[in-house]
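Results of the structural survey
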Amino acid sequence: MELKLNISNDADNLVMQKVKKVNALTFNENEYEEMFNNLLQINLIKGKYKLTNWKVLDELQDMYVEFSFDTESYNLLQKHLKSYVLLRLQSNKKTMTVYNELQNIKKCILHSGGLKDGSKLELFLYEEYVKNKNHGGNLASDLKLFLKFIQIKNNKEFINICEKFPYKKYHNRELPKLKDVLKFDEIINDYFRNYAMENTIRYLPIMLWWLITNIIPQRPTEFLLLKKDCLFSSQIDGKNKYFITIYRIKNNNNEESLEIDEATYNIIINIINKITTQFNNDSPYLFTVDFYYYNRPQKHNRSKSNHRLNRRDFYSILDDFYDEVVSGLYQINEIEKVRFGDTRHFAIINMCLQGFNMLSVANMAGHQSIYTQNEYFSHAKQFATSYVYLMAQKKLGFSFSKKFSGGLMGWKRYMFDIGNTISYEELDLEEIVGQVDFGICKDLKKEFPMNCIGDCRFCNKYFFKPSISEFEEGLEWLINGSNQMKFKIENAIDLMKDIVTNSINNNNRAAQNLLQTTSRNLVSYMDLKAAIDVKILESDRSHEF
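All figures in this text were calculated on a predicted structure; none of them were measured in a lab.

Take the overall build of the protein next. Each helix and strand counted, the protein has 19 helices and 13 strands in total. Across the 545 residues that make up the protein, the buried fraction comes to 46%. Looking at the protein alone, contacts between residues at least 24 apart form 62% of all its contacts between residues at least 6 apart.

Next comes the structure, spelled out in structure tokens:
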């Protein structure tokens, strides 16, 4: 097992890591107890070294987590578990990561007769792997690392058993149905604009989550670590620039400041002022547990140990929002819930589709590799084509090319205006161009052909109204046009992925120019497909794209 320790150099502002190979016998009992006491002094651990239970501070959740080393009668393994946990914490592993490892290893110990019966262990891992490959693989992986640390007599046999159940790497998470996401988006936009502050105050974390993390791809815990003074402005090259300071739970837990637009800055600072006025406390954090208690019936007298919202608290508030606002106020019940971390994925997909430089995406997302976001392109085709179809269903006036830069969703989204539809009976046939293939051109005679785009199918001034005998032929003509645009959308996204994957240097100007050009083409294709899909939907509701 490797022990990783940070070595800082304040003079050079550098952080280096020292890596040392260790096992259970590298340190003696007194040295392990000294490690425990060092953590005790800085309040990272509560309890006594020799006790079966410790409490370990989870800084991200702002609470202590209870670690139990109860292994029944296997006292030597209990001692090794304590040593293992201490060294994992010394290596700056997250508290919940170490907690989950401990739970997994204990299960393997108890189901193998104290790591003595290989057949029992193999049966247990097999059953867990069949139920869930991710969980079974995690059990085997965690035990394998522990076995390399303790080096027991039958080590090789047990490691070979673990290797039969490989850890399965997580694939792209399944995102909620886009139509449900957009419905949720509409509700948030309406609720926070049209209801009084006394009604919405408890749900302001929801509002800021939807606004910020649809623009900046933050992890849930990073969002909850926002501070009251996270915003600032500065004049750079004679222009006012606006920034938000966010916390990164990876990459050495650092803070960084990212530029945002003025409109977003003004919305956020207005909300922060409301929060600090309503909840006047000394906490540096924006989301304190005051939100959790606000207008919530107390089920018991016990107070929460954490002082700021953690993920569990946020989910409680989000569940209440679905119950009280989505289901209660808006009467929307059949809807798939958006999870806390989903917006981070929406934001990355938006940035990829907009042709952002991959270094910029990696920086905004907190990725260490520029290739991490490549996997998000697998969602992009469905994301783009589904969005066009859903917007076409709403009969809206489109201009993706003008609006796409703001992202497809989020509380400050002003994406579309209701389209000005006009019935055939309202047309002034004397003033307009009139009859064309399979319908009517609504363009004014005096302005034609200055506005003509050449293909009526994609024109917003074209009214599809074929004769009965031409209906099937006309509908097929429209569908062919829609399919052409779908093909072009998918090809554009494939090309963008290829540019990102094959560009050795993502700062390459030629590659970046091609990426941005392809992105502009993509939104043009989305515009054209949306225009034609409206006509198809109006003429044949049973057609599926």
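So, next bit.
On to the sheet that holds strand E13 (residues 462-464), then. Ordered in space as E11-E12-E13, the 3 strands form an open sheet in which the pairing is antiparallel. Here the strands that pair on one side only, and so sit at the sheet edges, are strand E11 (432-436) and E13. Strand-to-strand twist in this sheet, taken as the mean axis angle between neighbours without regard to direction, amounts to 20°. Note that E11 and strand E12 (residues 439-444) share 4 bridges and pair antiparallel. The partner of Ile432 across the bridge, within E12, is Leu444.

Moving on, we get to a negative patch on the surface. On the surface, Asp437, Glu470, Glu472, Glu473 and Glu476 cluster together into a negatively charged patch. One can find Glu472 in helix H18 (residues 471-502). With relative accessibility at 59%, the residue Glu472 sits in the exposed group.

Under the counting rule described, the total for this entry stands at 16 salt bridges. Note that Glu122 and Lys164 form a salt bridge whose closest N and O atoms lie 2.9 Å from each other. Highlighted residues: Glu122 in helix H4 (residues 118-131) and Lys164 in the loop between helix H6 (155-162) and helix H7 (178-194), separated in sequence by 42 residues. With a relative accessible area of 48%, Lys164 lands in the partly exposed category. Ionic pairing is found between Glu222 and Arg248, a salt bridge with its closest N-O pair at 3.3 Å. In this pair, Glu222 is assigned in helix H10 (residues 220-224) and Arg248 in the loop between strand E7 (239-247) and strand E8 (255-260), connecting sequence segments 26 residues apart. The pair Glu222 / Arg248 is uniform in exposure class, with both members buried. Taken together, the shared-partner salt bridges in this structure form one network comprising Arg219, Glu222, Arg248 and Glu256.

The phi angle at Glu72 is positive, at roughly 60°, despite the residue not being glycine. Its place among the elements puts Glu72 in the loop between strand E5 (63-68) and helix H2 (75-90). Overall, the relative accessible area of 57% leaves Glu72 in the exposed class.

Within the structure shown, the criterion is met by 34 aromatic pairs. The interplanar angle of 80° and the centroid separation of 6.1 Å between the aromatic rings of Trp209 and Phe340 together place this pair among those described as edge-to-face. With a gap of 131 residues between them, Trp209 in helix H9 (residues 204-212) and Phe340 in the loop between helix H13 (311-329) and helix H14 (342-353) connect regions that are remote in the sequence. Phe340 shares its class with Trp209; the two are buried. Relative to Tyr265, the ring of Tyr242 has its centre 4.7 Å away and its plane inclined at 45°; by these criteria the two rings are tilted. With a gap of 23 residues between them, Tyr242 in strand E7 and Tyr265 in helix H11 (residues 262-278) connect regions that are remote in the sequence. In this pair, the class of Tyr242 matches that of Tyr265, namely buried.

If you check helix H1 (residues 29-41), its first and last C-alpha atoms are 19 Å apart, about what 13 residues at 1.5 Å a residue would give, namely 18 Å. Inspection of H1 places Tyr32, Met35, Phe36 and Leu39 among the buried residues, and these make up the whole buried set. The arc that holds the buried residues of H1, viewed along the axis, is 95°, so those residues lie on one side. Those residues of H1 that are exposed and angled more than 90 degrees off the buried face are Asn30 and Gln41. Looking at the buried positions of H1, the neighbouring elements they touch are strand E3 (45-46), strand E4 (53-58), H2 and helix H5 (133-150). Its side-chain oxygen 3.1 Å from the backbone nitrogen of Asn30, Asn28 forms the N-cap of H1. Positive backbone phi, at 65°, marks Asn43, one or two positions downstream of H1.

A word on the sheet that holds E3. Backbone-to-backbone hydrogen bonds pair the strands of a sheet. The strands run either parallel or antiparallel. The strand order E3-E4-E5 describes an open sheet built from 3 strands, whose pairing is antiparallel. Edge strands, defined here as strands with exactly one partner in the open sheet, are E3 and E5. Of the strand pairs in this sheet, E3 and E4 are connected by 2 bridges, and their pairing is antiparallel. When the bridges of E4 are listed, Lys46 appears paired with Lys55. Strands E4 and E5 of the sheet are contacted by helix H3 (residues 95-110), whose axis makes an angle of about 20° with E5.

Turning our eyes to something else, we now look at the packing of H3 against H5. Their axes nearest at 9 Å, the elements H3 and H5 cross at an angle of 85°. It follows from the interaxial angle that H3 and H5 lie roughly perpendicular. Contact with H3, carried on its side by Asn100, Glu101, Asn104, Ile105, Lys107, Cys108 and Ile109, involves His135, Asn138, Leu139, Asp142, Leu143 and Phe146 of H5 and no other residues of that element. Among the residues forming the contact of H3 with H5, the class breakdown is 6 nonpolar, 4 polar and 3 charged.

Turning next to H6. Listing the buried residues of H6 in full gives Asn155, Phe158, Ile159, Ile161 and Cys162. All buried residues of H6 lie within an arc of 155° about the axis, which places them on one face of the element. Against the buried residues of H6 lie H4 and H5.

Next up on the list: the confidence of the model for the protein. On average, the protein scores 79 in pLDDT, and the residues at 70 or more come to 78%. Counting interchain partners and residues more than four positions distant, the pLDDT-below-50 stretch residues 7-16 has 9 contacts. Low pLDDT, under 50, characterises residues 541-545; the stretch is placed with 9 contacts to residues that sit more than four places away or in other chains.

Right, let's talk about the side chain of Thr200 for a bit. Tracing the chain through its elements places Thr200 in helix H8 (residues 197-200). Residue classification places Thr200 among the buried residues on the basis of a relative accessible area of 6%. Those residues in contact with Thr200, other than ones at most four positions away along the chain, are Tyr191, Phe192 and Tyr195.

The subject of this paragraph is a nonpolar patch on the surface. Nonpolar side chains collect at one region of the surface, where Leu123, Tyr126 and Val130 lie side by side and expose about 320 Å² of accessible area between them. Here Val130 shows up in helix H4. Since its relative accessible area comes to 57%, Val130 is described here as exposed.

Calculation notes
The residue numbers shown here count from 1 along each chain, following its written sequence. Local features are withheld for residues below a pLDDT of 70 in this predicted model, meaning they are given only at 70 or higher, and side-chain atom pairs are given and counted only at 80 or more; totals for whole chains, interfaces and linings count all residues. Derived side-chain values reflect all non-hydrogen atoms in the structure, with water molecules and hydrogen atoms excluded from consideration. A run of DSSP states H or I qualifies as a helix once it reaches four residues; a run of E qualifies as a strand once it reaches two. Both are numbered from the N-terminal end. When accessible area is computed with a 1.4 Å probe and restricted to protein chains, residues below 20% of their type maximum are described as buried, those above 50% as exposed, and intermediate ones as partly exposed. Residues are treated as being in contact if the distance between any of their heavy atoms lies within 4.5 Å. Strand pairing is assigned whenever DSSP identifies at least 2 bridges connecting the two strands. Inter-axis angles, ranging from 0 to 180 degrees, are taken between N-to-C directions of lines fitted to C-alpha atoms, where helices are fitted over the stretch in contact. In this analysis, a patch consists of residues with relative accessible area above 30% that form no salt bridge, clustered at 9 Å for like charges and at 5 Å for the nonpolar side chains Val, Leu, Ile, Met, Phe, Trp and Tyr. Accessible areas in this description were obtained via Shrake-Rupley with a 1.4 Å probe; residue shielding takes into account the shown protein chains only. Here a salt bridge means any side-chain nitrogen of Lys or Arg lying within 4 Å of a carboxyl oxygen belonging to Asp or Glu. When charges are counted, Lys and Arg are positive and Asp and Glu negative, with His and the chain ends excluded. Charge positions come from single atoms, namely NZ of Lys, CZ of Arg, CG of Asp or CD of Glu. Think of it this way: a Phe, Tyr or Trp ring, Trp meaning its six-membered ring, pairs with another when their centres are within 6.5 Å, and the plane angle makes it stacked under 30 degrees, edge-to-face over 60, tilted otherwise. Working rule for helices: expected span equals 1.5 Å times residues minus one. This arc is taken over the directions from the axis of the helix to the C-beta atoms. Under the rule applied, a polar contact is a pair of N or O atoms within 3.5 Å (in protein, one hydrogen donor and one hydrogen acceptor; residues adjacent in sequence only if both atoms are side-chain atoms). Each angle gets one of four labels, with under 35 degrees taken as roughly parallel, over 145 as roughly antiparallel, 65 to 115 as roughly perpendicular, and the rest as oblique. Any residue outside Ala, Val, Leu, Ile, Met, Phe, Trp, Tyr, Cys, Pro, Asp, Glu, Lys and Arg is labelled polar, Gly included; the first ten of those are nonpolar and the last four are charged. Here pLDDT means the predictor's own confidence in every residue, given as a number from 0 to 100.

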